[in-house]
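Chain and residue survey
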Amino acid sequence: MQTMPAHAAHHDDREIETLEEFDATVSARGSLAGFRVQAVDLTDRTRELLGTDTTGAVFLGCPMREEAAAKVRAGGALVFPPVPDLPFDPYRGLVYSPDELFASLADGYENTPDAHAYAWFQRTKADRDVYAGMLRAIHDDSVSDALDELLTGARVVGVMGGHAMRRGTQAYEGAARLGRELARAGLTVATGGGPGAMEAANLGAYAAPLDDDILTDALRLLAKAPGFTPSITDWASAAFEVRARWPRGGRSVGIPTWFYGHEPPNPFASHIAKYFANATREDGLLARSNAGVVFLPGAAGTVQEVFDNATPNYYESRGEPTPMVLVDRAHWTERLPAWPLLKSLARERSMEARIALVDRIEEAPEALKRLGG
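Residues numbered from 1 in each chain as written. Predicted model: local features only at pLDDT ≥ 70, side-chain atom pairs only at ≥ 80, totals over all residues. Heavy atoms only, no water.

The next thing to look at is the pattern of salt bridges. The full count for this structure, using the stated rule, is 19 salt bridges. Taking the shortest distance from any N to any O, the salt bridge between Arg 245 and Glu 241 comes out at 4.0 Å. Here Arg 245 and its partner Glu 241 are both found in helix α10 (residues 232–245), four residues apart, which amounts to about one turn of the helix. The exposed category is assigned to Arg 245, whose relative accessible area is 51%. The structure contains a network of salt bridges with shared partners spanning Lys 224, Glu 241 and Arg 245. (Salt bridge = Lys/Arg side-chain N within 4 Å of Asp/Glu carboxyl O. Helix = DSSP H or I, 4+ residues; strand = E, 2+ residues; numbered from the N terminus. Buried < 20%, exposed > 50% of the residue type's maximum accessible area, 1.4 Å probe, protein only.)

With that settled, the discussion passes to the nonpolar core. In terms of nonpolar packing, the biggest core is built from 55 residues, with Trp 120, Leu 147, Phe 295, Trp 332 and Leu 342 touching the most fellow members. Element by element, the count of residues in this core is highest for helix α6 (residues 130–151), at seven residues. Discounting residues that sit within four places of it in the chain, Leu 147 has contacts with Val 95, Val 253, Ile 255, Ala 273, Tyr 275 and Arg 288. (Core = buried A, V, L, I, M, F, W, Y, C linked by side-chain atoms within 4.5 Å. Contact = heavy atoms within 4.5 Å.)

This part is about the sheet that holds strand β2 (residues 36–38). One open sheet holds the four strands; their spatial order is β1-β2-β3-β4, and the pairing between them is parallel. Only two strands of the sheet have a single partner each, and these edge strands are β1 (15–16) and β4 (78–80). Relative to β2, β1 runs parallel, the two sharing two bridges. Across the sheet, Glu 15 pairs through a bridge with Arg 36, a residue of β2. (Pairing = 2+ DSSP bridges.)

Judged by side-chain polarity, Val 130, Tyr 131 and Met 134 come together as a nonpolar surface patch covering roughly 330 Å² of accessible area. As for its placement among the helices and strands, Met 134 is situated in helix α6. Judged by relative accessible area, which is 42%, Met 134 ranks as partly exposed. (Patch = residues over 30% accessible without salt bridge, like charges linked within 9 Å, V, L, I, M, F, W, Y side chains within 5 Å. Areas by Shrake-Rupley, 256 points an atom, 1.4 Å probe, with all protein chains shown as cover.)

Burial of the side chains of strand β10 (residues 324–327) extends over both faces: Met 324 and Leu 326 are buried on one face and Val 325 and Val 327 on the other. Taken together, the three bridges between strand β9 (residues 293–295) and β10 define a ladder with parallel strand orientation. By the bridge assignment for β10, Val 294 is matched with Val 325. Between the parallel pair β9 and β10, the chain is carried across by helix α12 (residues 300–315), and the sense of this crossover is right-handed. The pairing of β10 with strand β11 (residues 355–358) spans four bridges and is parallel. Opposite Val 327, over in β11, you have Val 358 as the bridge partner. (Right-handed = clockwise from strand over helix to strand, strands pointing away.)

It is worth spelling out unusual backbone geometry at this point. In this chain, Thr 229 is followed by Pro 230 through a cis amide linkage whose omega measures 5°. Take Pro 230: it is sitting in the loop between α9 (212–222) and α10. Its identity as a non-glycine residue notwithstanding, Ser 104 has a phi of 70°, on the positive side. On the secondary structure map, Ser 104 appears in the loop between α4 (98–101) and α5 (113–127). By relative accessible area, Ser 104 is classed as partly exposed at 37%. For Asp 328, which is not glycine, the phi torsion reads 100° and is therefore positive. You can see Asp 328 is positioned in the loop between β10 and α13 (329–335).

It is worth spelling out the packing of α12 against helix α14 (residues 338–346) at this point. At a minimum axis separation of 11 Å, α12 and α14 run at an interaxial angle of 10°. Considered as vectors, α12 and α14 are oriented roughly parallel to each other. In this structure, α12 contributes Val 306, Phe 307, Ala 310 and Tyr 314 to the contact, and α14 contributes Ala 338, Leu 341, Leu 342 and Leu 345. Tallied by class, residues from the contact of α12 with α14 come to eight nonpolar, no polar and no charged. (Axes fitted to C-alpha atoms, helices over the stretch in contact; angles between N-to-C directions. Parallel < 35°, antiparallel > 145°, perpendicular 65-115°, else oblique. Nonpolar A, V, L, I, M, F, W, Y, C, P; charged D, E, K, R; others polar.)

A few words on the environment of Arg 220. Along the polypeptide, Arg 220 turns up in helix α9. Between the alpha carbons of Arg 220 and Pro 265 there is a distance of 20 Å; along the sequence they are 45 residues apart. Of note is the side chain of Arg 220, whose polar atom sits 2.8 Å from the side chain of Asp 217. (Polar contact = N/O pair within 3.5 Å; in protein donor to acceptor, adjacent residues only side chain to side chain.)

Taken as a whole, this structure holds 13 aromatic pairs when the rule is applied. One aromatic cluster is present, formed by Phe 88, Tyr 96, Trp 120, Phe 121, Trp 258 and Phe 276 through successive ring pairs. Over the ring of Phe 121 we find Lys 125; its NZ or CZ atom is 4.9 Å from the centre of that ring. The residue whose ring lies beneath Arg 349 is Tyr 314, and the NZ or CZ to ring-centre distance is 3.7 Å. (Phe/Tyr/Trp six-rings, centres within 6.5 Å; stacked < 30°, edge-to-face > 60°. Lys NZ or Arg CZ within 6 Å of the ring centre and 35° of its normal.)

And the structure:
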């Protein structure tokens, strides 16, 4: 079964991201000197803060009482206070969960934290406000840090493909079966976190630890709301209905962006690393796919990902090239002939042995295994 390492054991030992970690550190060490405390609510820890050494500590967006904040500062710590009236926490210590982004979905998607963050982004992007830009950058950096901690030691396979693929189609079912097979092979599935092919792969990983026939039932349920238009609310609600019916699904990662605000994140990724900057998100998704990438048929975004992935493989700038499997011969040789170009680029380089074109999605896991040596 796919394993994603437990969170707390792997991050930088000087980072504190939960109240439990804060309490454990104070009781074990009696000191917070040099620690980084990230987005932990410390309003009820005044006594501990008053009695603990905080030399060189940094508090990022941690609510605390005024006397505690004054003492901590006087004791040589840096305090970045929480930012009021923001629909997101720029200092967050963990990636998002579907429940967090879709809270209040019952009142309509437009009332969810995901929709509020997008609306804020649209508003501030138009103003070109340096302060808002800084908050977005800090947020995205915090998300990257949390994602690295989450994926420490995991073998990650990226599944790329378009958002246009609809539920209820054979292609969608194929992508879901692919996600399930990769997850059952012990890989962590990572996608762009959106609808379509991305959702299907995350759904497959979700279904991996469950009985085989559950995926068939889930696909049937989802087909009631085939796409995220006209109603994101109906589309997301169908996914949460599946999750409620079979709650013990497997873990996978979605890495979406508010840059494409019309496109909601899918609720089947257990961990969602959502970014404001699409370029950071795009590069980060491919850079973390250390066990290779499967490219399902897609349009401009998927073509971009093919070559975003090919470039470091060509120059070996991230070390040895990782496997690339393109699925659907007609798509990648006729409709959007990316394969001939990729093959020409790879010629006589070490990435040549790491690329493959397969006709059917069922062939992708085997090709991935073969290329991975």
